[in-house]
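Close look at the chain arrangement
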Amino acid sequence: MDESVRNYIGIETEEVLACDPVEAGAVRRFAQAYGDIDPIYRDSDARFGGPVAPLIYPSQMFRRDFYDADPIDERASDPDFDGLGQNATQGLPAIEPLAHLSSLNGGNELEFFRFARHGERVTLKSRYADIYERETSKGKMIFVITESEYRGEGGDLIVRATRTQIRR
Amino acid sequence: MNVSPSRFDAIPLRLDFEDVEVGTELPPLVKGPLTTTHLMRWSAAIENWHKIHYDAQFAVEHDKLPGLLVNGTLKQQIIAQLLKDWAGREGWVWKVSFQFRGMNRVGETLSAWGRVTTKTAHPAFGLVELEVGLMNGEGKESTPGKATLALPFRGGPAVPYPFVPPVV
């Protein structure tokens with residue numbers, strides 16, 4: 001592994017606001033797409049203070065904002081473009097020395113404190129917690145560990161996620 | 001109210017800590033067969049355009065994969081849904097972690113499972129730890145993990161919401 005990769009450890013983002021609030025239509029498409037037809041995602045529930053989004057939903061809210069560049073256009077002629085845009089790195093800068101490697105989702109640790117409510121704005125702050133190389137049965141792989149905190153409008157923690165991306 | 005027929009009719013809204021024993025197995029949650037259309041729908045719902053989920057030529061020729069892969073984000077949703085449904089409205093899914101150890105290919109049917117490993121009573125609720133995973137139709141595990149749920153005591157109030165982790 002190129003030693004300059006280690007310079008990325010500890011890099012963190014500013015707190016960023018998701019491009020859209022929690023939207024009823026986006027929640028519906030999300031819940032239907034994995035087949036979780038739970039009334040709490042559509043109808044008001046007293047315990048949760050109104051209709052809510054699925055537990056992991058806040059971690060999927062950080063998408064390409066309206067005026068953001070379009071990586072699909074920009075890399076349309078690039079045979080190595082894997083289709084992933086900025087949402088793959090949770091707002092963190094891409095690790096340039098690893099740009100030529102493919103990316104696999106190695107695993108996740110998620111901690112939930114509440115559901116996000118419809119209409120709510122959610123913020124994200126992420127950091128590269130660790131990057132290391134390990135010999136595996138399938139050869140050398142690089143593990144990129146990202147920690148992310150998703151908070152509500154009042155600053156309270158909704159979800160904490162620790163992701164492992166495998167680059168090889 | 002136009003709520004689709006779903007498994008929620010059959011799921012108790014409340015599961016008490018006393019109803020659970022070490023070794024208790026959760027009723028599995030089965031999804032599939034997962035077609036390319038399912039994967040495309042999920043990719044669209046989360047606006048993640050990683051080609052390995054819908055572009056077979058890219059997956060095989062560029063990324064040297066055996067074929068299209070089921071999204072890790074979709075796999076974790078199935079496990080989270082299993083846990084949320086089982087914990088009931090008055091319980092809470094505090095933590096879940098998993099490793100994406102094995103690939104699941106398009107066409108597979110996946111079954112989320114869970115088994116209670118420990119129980120610990122705290123002042124306001126009980127904590128239940130579980131092994132969880134995702135098995136394909138051939139009985140191969142791809143997504144082993146762990147989870148911690150909070151459950152109310154029999155005759156007691158619901159687990160406080162938003163969830164406040166116990167001080168250890």
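Given the structure is predicted, the values throughout are model-derived calculations rather than measurements.

Rules used in this analysis
Each chain carries its own residue numbering, running from 1 in the direction its sequence is written. Starting at A for chains and at 1 for ligands, labels are handed out in the order in which the entities are written. The predicted origin of the model limits local features to residues at a pLDDT of at least 70 and limits the giving and counting of side-chain atom pairs to 80 or more, whereas totals for whole chains, interfaces and linings rest on all residues. What pLDDT reports is the predictor's confidence in each residue, on a scale of 0 through 100. Contact between residues is assigned whenever the C-beta positions, reconstructed from backbone atoms, fall within 7 Å. We count a stretch as a helix when DSSP gives it H or I for four or more residues in a row; a strand needs E for two or more, and each element gets its number in order from the N terminus. In this classification, the charged set is Asp, Glu, Lys and Arg, the nonpolar set is Ala, Val, Leu, Ile, Met, Phe, Trp, Tyr, Cys and Pro, and all remaining amino acids, among them Gly, are polar.

**Focus on the confidence of the model for chain B**
Where the model shows low pLDDT, its predicted coordinates should not be examined in detail. All names here are of chain B. Looking at chain B as a whole, the pLDDT averages 92, with 93% of positions reaching at least 70. Low confidence marks residues 1-5, where pLDDT is under 50. Its contacts with residues over four positions away, or in another chain, come to three contacts. This complex was scored by the predictor with a pTM of 0.90 and an ipTM of 0.93.

**Observations regarding the confidence of the model for chain A**
Summary statistics for chain A give a mean pLDDT of 92 and a share of 97% for residues scoring 70 or more. Per-element confidence in chain A is highest for helix H1 (residues 24-34) of chain A, whose mean pLDDT is 98, and lowest for strand S2 (residues 103-112) of chain A, whose mean pLDDT is 89.

**With respect to the environment of A:Glu3**
Turning to its location among the elements, A:Glu3 is positioned in the segment before strand S1 (16-17). Each C-alpha atom of the pair A:Glu3 and A:Pro97 lies 9.2 Å from the other, and the pair is 94 residues apart in sequence.

**Some words on the interface of chain A and chain B**
The accessible area lost on association of the parts is a frequent measure of interface size. Counting from both sides, the interface comprises 33 residues of chain A and, opposite them, 37 residues of chain B. Of all the elements in the fold, those that place two or more residues in the side of chain A that touches chain B are H1 and S2 of chain A. Of all the elements, S2(A) adds the most residues to the side of chain A that touches chain B, at eight residues. Grouping the constituent residues of the side of chain A that touches chain B by class yields 13 nonpolar, nine polar and eleven charged.

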